[in-house]
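# Coordinates in review
Each chain, written out:
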Amino acid sequence: LTIFTSCSKNNAFSAFDIDQKQAKSEDSLQSAKFFDGTDIKGILSVIYLNRVLPDNYNDREYFYIYLYTKKEASQVEFFLNGKEALEIEKLKPENEFSNLTSFSGDWQRYYLVAFKIQGEVLKLTVKTPQSSTREILFKKDN
């Protein structure tokens, strides 16, 4: 019993040099591919900010999204449970959320996206004129 309790403060992120906020964001991070039929046209990564930064992001459903598409998309649309985003803010590669991930690149596009508060299950999709993602599923913590 002593051996097991001495290790109980360790978790999957203990071996890495990241703080608790980064650990929450890495745990919340999900990715999806952009498809045009069966062809992959890009990739998107999403962090549900309400889970990672609940003190700052709680009046709407907030997502930090970064994406890359092979062909520059003239328009990007965001949907949560089939409803369009209320607010979309395009961000610079170095932004207030950059510290939440271990990855950034000038070749990606970054967004802060807000939706109306919704139920316990959140299904996010992103569309461009050439392609779209499959649903990314987030379940709220109870």
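Everything discussed here concerns the structure shown above.
A brief look at the structure comes next. For clarity, every value in this text was computed on a predicted model and none was experimentally measured.

Okay, the packing of aromatic side chains next. One pass over the structure, following the stated rule, counts twelve aromatic pairs. Between Y57 and F97, the ring centres sit 5.9 Å apart and the planes meet at 55 degrees, which makes this aromatic pair tilted. Pair noted here: Y57 is in the loop between α3 (49-52) and β3 (61-69) and F97 is in the loop between β6 (87-91) and β7 (109-115), with a separation of 40 residues, a long-range link. Across the pair, F97 and Y57 agree in class, each one buried. Seen from their ring centres, Y64 and Y110 are 6.4 Å apart, and the 20 degrees between their planes marks the pair as stacked. Of this pair, Y64 sits in strand β3 while Y110 is found in strand β7, placing the two residues 46 residues apart along the sequence. When its relative accessible area of 1% is taken as the criterion, Y64 is described as buried.

Glancing now at the nonpolar core. Judged by nonpolar contacts, the single largest core of 20 residues is most densely connected at L44, V46, F63, I65, F78 and L124. Breaking this core down by element, the ones donating at least two residues are β1 (30-36), β2 (39-48), β3, β4 (77-80), β7, β8 (121-127) and β10 (136-139). Within the second largest apolar cluster, 14 residues are counted, among which are Y57, Y66, L100 and Y110.

This part is about the environment of G105. Structurally, the position occupied by G105 is in the loop between β6 and β7. Taking the relative accessible area as the measure of exposure, G105 reaches 9% and is therefore buried. Expressed as a C-alpha distance, the spacing of G105 and K92, which sit 13 residues apart in the sequence, is 10.0 Å.

In β10, alternate side chains face the same way, and those of I136 and F138 are buried while those of L137 and K139 on the opposite face are not. Sheet topology places β8 next to β10; four bridges connect them, and they run antiparallel. Paired with V121 across the two strands is K139, which belongs to β10.

Of note in the backbone geometry, N81 takes a positive phi value of approximately 50 degrees without being a glycine. Secondary-structure assignment places N81 in the loop between β4 and β5 (83-84).

Further remarks concern the side chain of N50. If you trace the backbone, N50 turns up in helix α3. N50 gets classed as buried once you look at its relative accessible area, which sits at 12%. Polar side-chain contacts of N50 include one of 2.7 Å to the backbone nitrogen of Y62. Sequence-distant contacts of N50, defined by excluding residues within four places in its chain, comprise Y57, N58, R60, E61 and Y62.

Our focus in this paragraph is a nonpolar patch on the surface. Taken together, the side chains of I43, Y68 and W107 present a nonpolar region at the surface, about 300 Å² in accessible area. Relative to the elements of secondary structure, Y68 occurs in strand β3.

Calculation criteria
- Residues numbered from 1 in each chain as written.
- Predicted model: local features only at pLDDT ≥ 70, side-chain atom pairs only at ≥ 80, totals over all residues.
- Heavy atoms only, no water.
- Phe/Tyr/Trp six-rings, centres within 6.5 Å; stacked < 30°, edge-to-face > 60°.
- Helix = DSSP H or I, 4+ residues; strand = E, 2+ residues; numbered from the N terminus.
- Buried < 20%, exposed > 50% of the residue type's maximum accessible area, 1.4 Å probe, protein only.
- Core = buried A, V, L, I, M, F, W, Y, C linked by side-chain atoms within 4.5 Å.
- Pairing = 2+ DSSP bridges.
- Polar contact = N/O pair within 3.5 Å; in protein donor to acceptor, adjacent residues only side chain to side chain.
- Contact = heavy atoms within 4.5 Å.
- Patch = residues over 30% accessible without salt bridge, like charges linked within 9 Å, V, L, I, M, F, W, Y side chains within 5 Å.
- Areas by Shrake-Rupley, 256 points an atom, 1.4 Å probe, with all protein chains shown as cover.
- Salt bridge = Lys/Arg side-chain N within 4 Å of Asp/Glu carboxyl O.

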